[in-house]
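Analysis of the macromolecular model
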Amino acid sequence: MADDFTIGVEEEFFLVDVETRQLRPVAGDVLPGAAPAGGGEIGPELQQCQIETGTGICRTLDEVADEVGGLRRTASAAAAEIGCAIASSGTHALGFDAESSRVTPKPAYLRLEREYRMVTHEQLVCGCHVHIGIADPEVAIQVANRVRTWLPTLLALSGNSPFWKGVDSGYASFRTEVWQRWPMSGTPGTFRSRADYDDLVQSLLAVDAIDDPARIYWDVRPSAKFDTIEFRVADANLLVDESVMTAGLVRGIVVACHRQMVDGEEWADPRAEVRRAAMWRAARFGLEGPLVDLEGCRSRPAADMVDRLLAFVRPALVDLGDWERVRALVAQVVDGGTGAVRQRRAFQRRHRLEDVVDLVVEETAAGG
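Residues numbered from 1 in each chain as written. Predicted model: local features only at pLDDT ≥ 70, side-chain atom pairs only at ≥ 80, totals over all residues. Heavy atoms only, no water.

**With respect to the overall build of the chain**
Secondary structure summary: the chain contains 14 helices and 13 strands in total. Taken along its principal axes, the extent of the C-alpha atoms in the chain is 55 × 50 × 40 Å. Expressed as a percentage of the 368 residues in the chain, the buried residues total 57%. Long-range contacts, defined here as pairs at least 24 residues apart, represent 76% of the contacts in the chain between residues at least 6 apart. Accessible area of the chain: about 14800 Å², with a carbon and sulfur share of 50%. Here the chain carries 40 positive and 56 negative side-chain charges, and the mean point of each set is 4 Å from the other. (Helix = DSSP H or I, 4+ residues; strand = E, 2+ residues; numbered from the N terminus. Buried < 20%, exposed > 50% of the residue type's maximum accessible area, 1.4 Å probe, protein only. Contact = heavy atoms within 4.5 Å. Areas by Shrake-Rupley, 256 points an atom, 1.4 Å probe, with all protein chains shown as cover. Lys, Arg positive; Asp, Glu negative; His and termini not counted. Charge placed at Lys NZ, Arg CZ, Asp CG, Glu CD.)

**Quick word on the packing of aromatic side chains**
Evaluated as defined, the whole model comprises 14 aromatic pairs. Three or more aromatic residues link up through ring pairs in this structure, and these residues are F96, W164, Y171, F174, W280 and F285. (Phe/Tyr/Trp six-rings, centres within 6.5 Å; stacked < 30°, edge-to-face > 60°.)

**Overview of the pattern of salt bridges**
Where charged atoms from two side chains of opposite charge come close, those side chains can pair. For the structure shown, the criterion picks out 28 salt bridges. With a closest N to O distance of 2.8 Å, D168 and R344 form a salt bridge. Highlighted residues: D168 in strand β7 (residues 167–168) and R344 in helix α13 (residues 339–350), separated in sequence by 176 residues. For E324, the salt bridge goes to R327, with nearest N and O atoms at 3.1 Å. Remark: R327 and E324 occur in helix α12 (residues 323–336); sequence separation between them is three residues, near one turn of the helix. Classification of E324 by relative accessible area gives partly exposed; the value is 48%. Members of the salt-bridge network, linked through shared partners, are D293, E295, R300 and R308. (Salt bridge = Lys/Arg side-chain N within 4 Å of Asp/Glu carboxyl O.)

**So, helix α10 (residues 272–285)**
The end-to-end C-alpha distance of α10 is 20 Å, a good match for the 20 Å that 14 residues give at a rise of 1.5 Å each. Within the span of α10, buried status applies to R275, A278, M279, A282 and A283. Taken around the axis of α10, the buried residues stretch over an arc of 130 degrees, which confines them to a single face. In this structure, the buried side of α10 is in contact with α6 (151–158), α7 (174–179), β11 (228–235) and β12 (291–293). Trailing α10 by a residue or two, G286 shows a phi angle of about 60 degrees, which is positive. (Expected span 1.5 Å × (residues − 1). Arc of directions from axis to C-beta.)

**Quick notes on the environment of E273**
When you line up the elements, E273 lands in helix α10. When the C-alpha positions of E273 and G95 are compared, they lie 31 Å apart, and in sequence the two are 178 residues distant.

**Considerations on the packing of helix α11 (residues 302–320) against α12**
Packing of α11 against α12 leaves a shortest axis separation of 9 Å and a crossing angle of 160 degrees. Compared by their axis directions, α11 and α12 come out roughly antiparallel. α11 and α12 meet at a crossing whose hand is right-handed. On α12, the residues that touch V306, L310, R314, L317 and V318 of α11 are W323, V326, V330 and V334. (Axes fitted to C-alpha atoms, helices over the stretch in contact; angles between N-to-C directions. Parallel < 35°, antiparallel > 145°, perpendicular 65-115°, else oblique. Left-handed = near helix turned anticlockwise from the far one by under 90°.)

**Section: the packing of α6 against α10**
The interhelical angle for the contact between α6 and α10, taken along N-to-C directions, is 10 degrees, at an axis separation of 8 Å. Judged on the interaxial angle alone, α10 and α6 are roughly parallel. Crossing of α6 against α10: the hand is right-handed. Taking contact as the criterion, the partners of L151, P152, L155 and A156 in α6 are, on α10, A278, M279, A282 and A283. Its residues assigned to classes, the contact of α6 with α10 comprises eight nonpolar, no polar and no charged. (Nonpolar A, V, L, I, M, F, W, Y, C, P; charged D, E, K, R; others polar.)

**Overview of the nonpolar core**
By size, the foremost hydrophobic cluster in this structure holds 70 residues, and its most contacted members are I7, V64, F231 and L249. Considering every element that reaches this core, the biggest residue donor is helix α9 (residues 240–263), with 11 residues. With 21 residues, the next largest nonpolar core counts V16, A93, F347 and V360 among its residues. (Core = buried A, V, L, I, M, F, W, Y, C linked by side-chain atoms within 4.5 Å.)

**A few points about unusual backbone geometry**
Negative phi characterises most residues that are not glycine, and trans characterises most peptide bonds. Unusually for a residue other than glycine, R21 sits at a positive phi of about 70 degrees. Within the secondary structure, R21 is located in the loop between β1 (7–17) and α1 (27–30). Of note, K165 is a non-glycine position whose phi angle comes to about 55 degrees, a positive value. Relative to the helices and strands, K165 resides in the loop between β6 (163–164) and β7. Relative accessible area serves as the criterion here: at 43%, K165 is assigned to the partly exposed category.

**Thoughts on helix α3 (residues 107–116)**
For α3, the full list of buried residues reads Y109, L112 and E113. Around the axis of α3, the buried residues are gathered within 100 degrees of arc, so they sit on the same side. Of the exposed residues in α3, the ones pointing more than 90 degrees away from its buried face are P107, R114 and E115. Contacts made by the buried residues of α3 are with β2 (41–44), α4 (118–121) and β9 (217–218). Downstream of α3 by a residue or two, R117 has a phi angle that is positive, lying close to 50 degrees.

**A short note on the side chain of D235**
If you trace the backbone, D235 turns up in strand β11. At 3.2 Å, the side chain of D235 and the side chain of R175 are in polar contact. With near-sequence residues (within four places) excluded, D235 lies in contact with G90, C126, G127, C128, S158, G159, N160, S161, A172, S173, R175 and T176. (Polar contact = N/O pair within 3.5 Å; in protein donor to acceptor, adjacent residues only side chain to side chain.)

Here it is as structure tokens:
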């Protein structure tokens, strides 16, 4: 991705049995039949009960919607051939066992299994990653410093993993808590320059903290593969529209922060402990509790933080032609509930976790 402000979206999915709703480690059987007819890719993930899709380079949200929907349709059809469905949720409501958590036999994944043991086996989580193109690596670092202010609100809007191992975790995004087990996870610190970032990467390699820059699993990072900033904070979204919303908000944040940088505007840079507290609050409550305003270093109602985010990105989104669409999609989530809220509603009707899985499968396919 060489052009500034292009979009790429990666989505991770669980493979579930349509009868039992349990996870099935059958990615090796699904992938040969999942060749996308248009752009993008479908491939393996860490666990054999997961697959990942990735769009090509998109320049508009229409392209994002078309490619995300098309990849979901292709993956769904391939899974259906062996009695499975794809499920887009940060965690799987029914949990997992040793059979369903088998690691994909790729060298990089097998090394993670050897190094991290139980952390690897319990990484039964799915996310939505958004890449925004920035060709200049120095600019990418400076923009990445600034976008961290809005990560908690993005997480709160995308929370879609309330259940863990068959019980309600009490979190909107328990995926976030599971993900924090990796040593190179969480929100990164501030970097003075690209050289400063590259020095840290070399230090991490030297002390065997990572074996490759791709093992840096921060909430936002310079991509190890593309000329992009990669946002990894969002849970896997139930609906195509919610992935489009996430992509639109992320691009709006990047463009707005880039303009701040060009204009030499000041930006908030609170301590790491405050950032961690803000992310925990967003993961715990989603939009159903107060969030942390990292600019003012205070708690605010979630609705206020969503409004502040929209006000921040509005000029950029207007210029991109995305404002009305993104505003409407955010309102849809605020009014109708995040994925976590909708999963809990499905459970409350009959107190059956199978109903939660059915909701996830249904909404994953909707619009696909």
